[in-house]
Amino acid sequence: MDHGNHDDGIGNIAEADDRRAFVSAAAALARLDETIARLTEVRPLYFPPAMRREAAAIASLEGSTFRPEAIARLLADPDVTMMDRGAKTAADIGRALGKMLDWPTQGPTAASVSDAFMTSDASTSRLIRPDMAWSLEEDCEFTAREMSLTHETPEPWTAIEALRRIWTSGRFFGHSRRMALVCAPWLISAGFGCSSPFIGLADRIRRNPDAFRKADSSQEQWAVLVAETAAAAARDQLARIADIQGLRATMVALCPAERSSSSVGQAIDHFIASPICSAKAFCSGLGLTPRGAKVVLDKLVAAGILEVEGGARNRNYVCRRAL
């Protein structure tokens, strides 16, 4: 993998590090992608909590602090009160990541990039003046072009370099790193030939953000660091998929046959994906009548799987095991 001219032994060593990092990342990402594709029943349970963690990581890199539970509450009910700005920003970023999941294989349009950014920035109530609107339009066109290049040349180096260029661009009113990490799941997936978006890079980056700030001026240092981080993140995600399988088995076991119904398994899956939920949202999500939903919810409460919050008119059900 030759990305430049190396005239000495140091260059050869750097290129060898590059190759090792990319091979390791490719192997780890392929294993994760194959696992997600094979375990079809796990996929809808894996992505929602993975994106909540990723959103929390991106927000924390901007200096926000909050309880992880707050993101789940805001994603369940955007109008919930008594939440600080950091939690609201994290939830907004979570919704932006949700939009990223719908981006096509050829990459997002500038309008789709703009939609993702404005979603991630919703809680700021930013007033976009005409000059700012022009700047944002240019930022989105730049980002869409970078991602289009990865579609045209779907290789790891191309994807990781596009990520660096967005990260260091200073665009999006100073939130270029946020947008780089919102785009990262699509970019890494496209560059490494994965069928599913790769979630988890930001969760790893937040453990050592200074390393990325120091490496972002060098193409090769950045490439090796991102590849190594992606490999570690992919292994993290495989472990979390195993945790989800274990959590589901544990909760199913807590509901003995005589207390279960055909809807209990679906309800458990619903709360793994959305651990805080109103009775109304639960009815809608599972297609149950209010009476049928109450029967299932009562069983899960009796089994110790759910806790009840609030009164009869604003009641929420919380699965703390899934938070």
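Residues numbered from 1 in each chain as written. Predicted model: local features only at pLDDT ≥ 70, side-chain atom pairs only at ≥ 80, totals over all residues. Heavy atoms only, no water.

J.: Mind showing me how you'd approach the pattern of salt bridges here?
T.: Should their charged atoms come close, side chains of opposite charge can pair. Applying the stated criterion across every chain yields a total of 25 salt bridges. In this structure, Asp-269 and Arg-248 form a salt bridge, with 2.4 Å as the shortest nitrogen-oxygen distance. Of this pair, Asp-269 sits in helix H13 (residues 264–273) while Arg-248 is found in helix H12 (residues 219–253), placing the two residues 21 residues apart along the sequence. On the basis of relative accessibility, which here comes to 29%, the residue Arg-248 falls in the partly exposed class. A salt bridge links Glu-307 to Arg-320; its shortest N-O distance comes to 2.8 Å. Of this pair, Glu-307 sits in strand E2 (residues 307–309) while Arg-320 sits in the segment after strand E3 (316–318); the two residues are 13 residues apart in sequence, bridging distant segments of the chain. With relative accessibility at 39%, the residue Glu-307 sits in the partly exposed group. Judged by relative accessible area, which is 35%, Arg-320 ranks as partly exposed. A single network of salt bridges, built from pairs that share partners, joins Arg-67, Glu-69, Arg-73, Glu-307, Glu-309 and Arg-320. (Salt bridge = Lys/Arg side-chain N within 4 Å of Asp/Glu carboxyl O. Helix = DSSP H or I, 4+ residues; strand = E, 2+ residues; numbered from the N terminus. Buried < 20%, exposed > 50% of the residue type's maximum accessible area, 1.4 Å probe, protein only.)

J.: Looking at this structure, I do not really get the layout of surface pockets. What am I missing?
T.: Over the atoms, a rolled probe matching the size of one water molecule traces out where space is still vacant. Put simply, the largest pocket is a space of about 550 Å³. Taken together, 22 residues form the lining of the largest pocket, with Ala-72, Leu-75, Ala-76, Asp-77 and Ile-276 sitting closest to its centre. Every element with two or more residues in the lining of the largest pocket is listed here: helix H2 (43–61), helix H3 (68–76), helix H4 (85–100), H13 and strand E1 (276–278). Here the lining of the largest pocket takes four residues from H3, the largest share from any one element. For the lining of the largest pocket, the class distribution of residues is 11 nonpolar, seven polar and four charged. Of the pockets and cavities examined, the second largest pocket occupies roughly 430 Å³. What lines the second largest pocket is a set of 21 residues, among which Pro-49, Arg-52, Arg-53, Ala-322 and Leu-323 lie closest to the centre. Within the residue set of the lining of the second largest pocket, elements represented by two or more residues are H2, H3 and H12. Residue composition of the lining of the second largest pocket, grouped by class: 11 nonpolar, three polar and seven charged. (1 Å grid on protein atoms, 1.4 Å probe; cavity = no way out; pocket = protein on both sides within 12 Å on 5 of 7 lines; lining within 4 Å. Points joined across faces, edges and corners; volume = space filled by probe spheres on them. Nonpolar A, V, L, I, M, F, W, Y, C, P; charged D, E, K, R; others polar.)

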